[in-house]
Amino acid sequence: VTGALPLRIDLLGGFDVRVDGRSIGRVPSARQQQLIAFLVLQARSGPIPRQRVSGTLWPDSTDVQAQTNLRRELHHLREAWPRLEALIVSESRTLAWHEDRSTVVDVVAFESAADRGLEGNLAALQEAASLYQGDLMPDCADKWIQPDRERLHQRARLVLGRLVAALEQNRAFGEAIERGRQLLRLDPLDEQAWCALMRCYARQGDRATALHLYQECAALLKK
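The structure displayed is predicted, hence computed values, not measured ones.

Caption draft 1: Layout of the side chain of Ser 54. Along the chain, Ser 54 falls in helix α2 (residues 50–57). At 3.1 Å, the side chain of Ser 54 forms a polar contact with the backbone oxygen of Gln 51.

Laid out in structure tokens, this is it:
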């Protein structure tokens, strides 16, 4: 939308919407959040049949009831969040997600940065690591989201592993430690991340912390 204030939609670590850097406070309902997330995640596939959208979001309802539920949520979204609803291309039989130039979705930005970073761009790895603020829509327990959640989780682990190695090689030990700890929050059993942390603390001259990490890692792996 020409002249519109920047809009940011976050799905990683939890749903949030910010306009011009400020949280809008009240967010769309859980079902509306899921609708937005589903369309964002399927955006590369082009227009999606409405029946598929409704069947995915309301798997226990009849086709007729699920389609009614979908129309209701789109109507409520249009009334309460017209700018969000405007990003949904709504046709009689299909729905699609279409970002305008003033909109950023963290998942889309993360995927783009990860692609560039895994090709060897250090700045892009750092960008991807900063964008990954947690797992995809962690409050959503629906089955449809789990494959994408796991895929993005594994992608973040790969990004962080590459980034920690690059930072350690560049002797940027402070940032390597920060990203190593982020990696361990995603996978506490990642031995390479533990070893990288120990080396970075030792190379900073903090052998006591390195030894403490070794003991912590050994106890965790034993458990």
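Further notes follow.
Caption draft 2: Spatial organisation of the sheet that holds strand β1 (residues 7–10). An order of β3-β2-β1-β7 is seen for the four strands of this open sheet, with the pairing classed as mixed. Sheet topology places β3 (22–23) and β7 (103–105) at the edges, where each strand pairs with a single neighbour. By the bridge criterion, two bridges tie strand β2 (residues 16–19) to β3 in an arrangement that is antiparallel. Pairing of Val 19 across the sheet is with Arg 22, part of β3.

Caption draft 3: Looking closely at the pattern of salt bridges. One pass over the full model with this rule turns up 13 salt bridges. Between Arg 31 and Asp 142 there is a salt bridge whose closest N-O contact spans 3.7 Å. Here Arg 31, found in helix α1 (residues 30–41), pairs with Asp 142, found in the loop between α6 (122–131) and α7 (146–169); they are 111 residues apart in sequence, far enough to count as distant. For Asp 142, a relative accessible area of 25% puts it in the partly exposed group. A salt bridge links Arg 116 to Glu 127; the shortest N-O distance between them is 2.8 Å. Of this pair, Arg 116 sits in helix α5 (residues 106–117) while Glu 127 sits in helix α6, and the two are 11 residues apart along the sequence. Arg 116 sits in the partly exposed class, given a relative accessible area of 34%. The class of Glu 127 is partly exposed, set by a relative accessible area of 33%. Salt bridges linked by common partners bring Glu 111, Asp 115, Asp 148, Arg 151 and Arg 155 together as one network.

Caption draft 4: Seen up close, unusual backbone geometry. The backbone phi angle of Asp 20 is positive, close to 55°, even though this residue is not glycine. Mapping Asp 20 onto the fold places it in the loop between β2 and β3. Judged by its relative accessible area of 44%, Asp 20 is partly exposed. Even without being a glycine, Met 137 presents a positive backbone phi close to 40°. By the secondary structure assignment, Met 137 is in the loop between α6 and α7. The buried category is assigned to Met 137, whose relative accessible area is 4%.

Caption draft 5: Representation of the layout of surface pockets within the structure. The space that makes up the largest pocket amounts to roughly 260 Å³. Lining the largest pocket are 14 residues, and of these Val 40, Leu 41, Ala 43, Arg 44 and Val 108 sit closest to its centre. Of all the secondary-structure elements, those providing two or more residues to the lining of the largest pocket are α1 and α5. It is α5 that provides the largest number of residues to the lining of the largest pocket, a total of five residues.

Caption draft 6: Highlighting the packing of α5 against α7. Following both chains from N to C, one finds α5 and α7 inclined at 40°, their axes separated by 11 Å at the closest point. The angle between the axes of α5 and α7 places the two elements in the oblique class. Crossing geometry of α5 relative to α7 is assigned as left-handed. Between α5 and α7, the contacting residues are Val 107, Phe 110, Glu 111, Ala 114 and Asp 115 on the first element and Arg 151, Leu 152, Arg 155, Ala 156 and Val 159 on the second.

Calculation rules
- Note that residues are indexed from 1 along each chain, following the sequence as it is written.
- At least 70 in pLDDT is required for a residue's local features to be given in this predicted model, at least 80 for side-chain atom pairs to be given and counted, and no such filter applies to totals for whole chains, interfaces and linings, which use all residues.
- To obtain the side-chain values, all non-hydrogen atoms of the structure were included, while hydrogens and water were left out.
- Working definition: helices are DSSP H or I runs of at least four residues, strands are E runs of at least two. Numbering for both runs from the N terminus.
- Under the rule applied, a polar contact is a pair of N or O atoms within 3.5 Å (in protein, one hydrogen donor and one hydrogen acceptor; residues adjacent in sequence only if both atoms are side-chain atoms).
- Strands pair, by our definition, only if DSSP identifies at least two bridges between them.
- One side-chain nitrogen of Lys or Arg within 4 Å of one carboxyl oxygen of Asp or Glu is enough to make a salt bridge.
- Each residue is placed in one exposure class: buried if its accessible area under a 1.4 Å probe, protein chains only, is under 20% of its type's maximum, exposed if it is over 50%, and partly exposed if it falls in between.
- Lining residues are defined by having an atom within 4 Å of a point belonging to a cavity or pocket. Those points lie on a 1 Å grid over the protein atoms alone, cavities being sets where a 1.4 Å probe fits but cannot get out and pockets being open sets with protein on both sides within 12 Å along at least five of seven lines.
- Grid points are joined across faces, edges and corners, and a volume is the space filled by probe spheres set on the points.
- In this description, a line fitted to the C-alpha atoms serves as the axis of each element, helices being fitted only across the stretch in contact, and the angle between N-to-C directions of two axes falls anywhere from 0 to 180 degrees.
- Oblique is the label for every angle not falling under 35 degrees (roughly parallel), over 145 degrees (roughly antiparallel), or within 65 to 115 degrees (roughly perpendicular).
- Crossing handedness: left-handed means the near helix sits turned counterclockwise from the far one by under a right angle, and right-handed means the same turn made clockwise.
- Throughout, a contact is declared for two residues whenever any of their heavy atoms are within 4.5 Å.

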